[in-house]
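Inside the fold
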Amino acid sequence: MKIAILSRNRNLYSTRRLVEAAELRGHSMQVLDHLRCFMDITSDNPTLHYGTVEFSRNDFDAVIPRIGASVTYYGTAIVRQFEMMNIYSVNESVAITRSRDKLRSLQLLSRKGIGMPITAFAHSSKDIDGIIKEVGGAPLVIKLLEGTQGKGVVLAETKKAAESVIQAFMKLNADILVQEYIKEAGGSDIRCLVVGEKVIAAMQRQGPPGEFRSNLHRGGKASLVKLTPAERKTAARAAKVMGLNVCGVDLLRSDNGPLVMEVNSSPGLQGIEMATGKDVAGMIIGFIEKNAKSKRNRTRGSG
């Protein structure tokens, strides 16, 4: 097969591993920086350009989007172009866009009855008391809607601190979510790697002492974890609701069962491969082998 990977940096661990895994299986791989791509949007023969090279629908069998949050708009436009060319995308453009909108994704998960922390969202500073009360009071967590890798996430331990942080964000016209703090999680969460609606690997991430965020980019440590049936089911359902074939689902262990924090459409592979010893990249390529040919002409994302 001929497979394209949309990635800003071919030397990133996840990109390198996907290339290695595919080439070991005899596939031809090409890494394309999506910000360097441009499109010819014509009804009879849509094409994609990368520098001086023009690609048409016969040049690739599948594409793996590795789109960073800061370039979601342009990145998903490039994915849509692949879809217009009837090239199979591991994650469709609409699903990537859906998962990147934190508020929308939480609303979709809530509508399907998937457990998550109590979450409040408001526009006016006059509603701050109501927001704090809605999530059970302090301590509580305040999140920027545009934040990634633990950036823009604040734990407010008192009501006064919560009021100050919320007011400050609102003065900057920043969109924020306010969530209940799950104390029993103890600064750890679980990253489930879902491929084709099945959890293929999972790791527990623990934040450093004094840090409630468990992101590996912020010094968190990863270790192997055994999932409960409820956790496995919740992660798979969350991926299905988002419409993502490959994703990372972040869960918290609470007294009320597993709670979904986020669904990530471009999960990093380094931490989970090292923690579990599993060939996650190979499993993703295996999924493409089983699905690309049969589903190539039935993509939904281009609509």
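Look a little higher up for the structure.
The following refers to the structure shown. Bear in mind the structure is a predicted one, so any value in this text is a computation, not a measurement. (Residues numbered from 1 in each chain as written. Predicted model: local features only at pLDDT ≥ 70, side-chain atom pairs only at ≥ 80, totals over all residues. Heavy atoms only, no water.)

1. What about the overall build of the protein?
Here is the rule: Strands here are runs of E lasting at least two residues and helices are runs of H or I lasting at least four, both read from the DSSP assignment and numbered beginning at the N terminus. All radius of gyration figures rest on C-alpha atoms, and the globule criterion is 2.2 Å times the number of residues raised to 0.38. For every residue, the accessible area (1.4 Å probe, protein chains only) is compared with the maximum for its type, and the residue is labelled buried under 20%, exposed over 50%, or partly exposed between those bounds. Contacts are residue-level and defined by heavy atoms, with any inter-residue pair within 4.5 Å sufficient. Note on areas: Shrake-Rupley with a 1.4 Å probe; residue coverage comes only from the protein chains shown. Positive charges come from Lys and Arg, negative ones from Asp and Glu, while His and the chain ends are left out of the count. In this description, the location of a charge corresponds to atom NZ of lysine, CZ of arginine, CG of aspartate or CD of glutamate.
Counting its secondary structure elements, the protein contains nine helices and 16 strands. Over its C-alpha trace the protein gives a radius of gyration of 20 Å, about what one expects of a compact globule, namely 19 Å for 303 residues. Seen along its three principal axes, the alpha-carbon backbone of the protein occupies a region of about 60 × 40 × 35 Å. Within the span of the protein, comprising 303 residues, buried residues form 50% of the whole. Taking contacts inside the protein between residues at least 6 apart in sequence as the whole, the part at least 24 apart equals 67%. Accessible area of the protein: about 14700 Å², with a carbon and sulfur share of 48%. Of the charged side chains in the protein, 43 are positive and 30 negative, and the gap between their average positions amounts to 3 Å.

2. Some remarks on a positive patch on the surface
Our working rule: Like charges within 9 Å and nonpolar side chains (Val, Leu, Ile, Met, Phe, Trp, Tyr) within 5 Å are joined into patches, using only residues over 30% in relative accessible area that form no salt bridge. Salt bridges are identified by distance alone: a Lys or Arg side-chain nitrogen within 4 Å of an Asp or Glu carboxyl oxygen.
The grouping of Arg 111, Lys 112, Lys 233, Arg 237 and Lys 240 at the surface amounts to a positive patch. With three residues, helix H7 (residues 229-242) is the single largest residue contributor to the positive patch. With respect to the helices, strands and loops of the structure, Arg 237 is situated in helix H7.

3. A look at helix H3 (residues 93-100)
Considered for burial, the residues of H3 that qualify are Ser 93, Ala 95, Ile 96, Arg 98 and Ser 99. Elements that come into contact with the buried residues of H3 comprise strand E6 (62-65), helix H2 (72-84), helix H4 (102-111), H7 and strand E16 (257-264).

4. Here we look at the sheet that holds strand E3 (residues 37-40)
Which entries qualify depends on this criterion: Here the rule is simple: two strands pair whenever DSSP picks up at least two bridges between them. Throughout, an axis means a line fitted to C-alpha atoms (over the contacting stretch in the case of helices), and angles, computed between N-to-C directions, take values from 0 to 180 degrees.
Across the sheet, three strands lie side by side as E3-E4-E5; this open sheet has antiparallel pairing. Every other strand in the sheet has two partners, leaving E3 and strand E5 (53-55) as the edge strands with one partner each. Taking each pair of neighbouring strands and ignoring which way they run, the sheet shows an average axis angle of 30 degrees. Across four bridges, the pairing between E3 and strand E4 (residues 47-50) is antiparallel. Among the inter-strand pairings, Met 39 is bridged to a residue of E4, identified as Leu 48. Lying over the sheet, H2 contacts E3 and E4, oriented at roughly 45 degrees with respect to E3.

5. Section: the nonpolar core
Where a protein is soluble and globular, its nonpolar side chains tend to be buried together. The test is simple: In these notes, a set of buried Ala, Val, Leu, Ile, Met, Phe, Trp, Tyr and Cys residues joined through side-chain atoms within 4.5 Å is what counts as a nonpolar core.
Counting 29 residues, the largest nonpolar core has Leu 18, Ile 64, Val 280, Ile 284 and Ile 288 as the members making the most contacts within it. If you tally residues by element for this core, the top one is helix H9 (residues 280-295), at seven residues. Discounting residues that sit within four places of it in the chain, Val 280 has contacts with Leu 193, Ile 200, Ala 201, Leu 269, Ile 272 and Glu 273. One finds Val 225, Leu 227, Leu 244 and Val 260 within the second-largest nonpolar core, a separate group that totals 21 residues.

6. Section: the pattern of salt bridges
Side chains that differ in charge, positive against negative, can pair when their charged atoms come close. Tallying each qualifying case throughout the model produces 11 salt bridges. Linking Asp 279 and Arg 17 is a salt bridge whose minimum nitrogen-to-oxygen distance equals 2.6 Å. Residue Asp 279 is found in the loop between helix H8 (270-276) and H9, and its partner Arg 17 is found in helix H1 (residues 13-24); the two are separated by 262 residues along the sequence. In this structure, the salt-bridge partner of Arg 253 is Glu 231, at a minimum N-O distance of 2.5 Å. Here the residue Arg 253 occupies a position in strand E15 (residues 246-254), and Glu 231 occupies one in helix H7, the gap between them amounting to 22 residues. Relative accessible area serves as the criterion here: at 31%, Arg 253 is assigned to the partly exposed category. On the accessibility criterion, Glu 231 (4% relative accessible area) is buried. Taken together, the shared-partner salt bridges in this structure form one network comprising Arg 17, Glu 20, Glu 273 and Asp 279.

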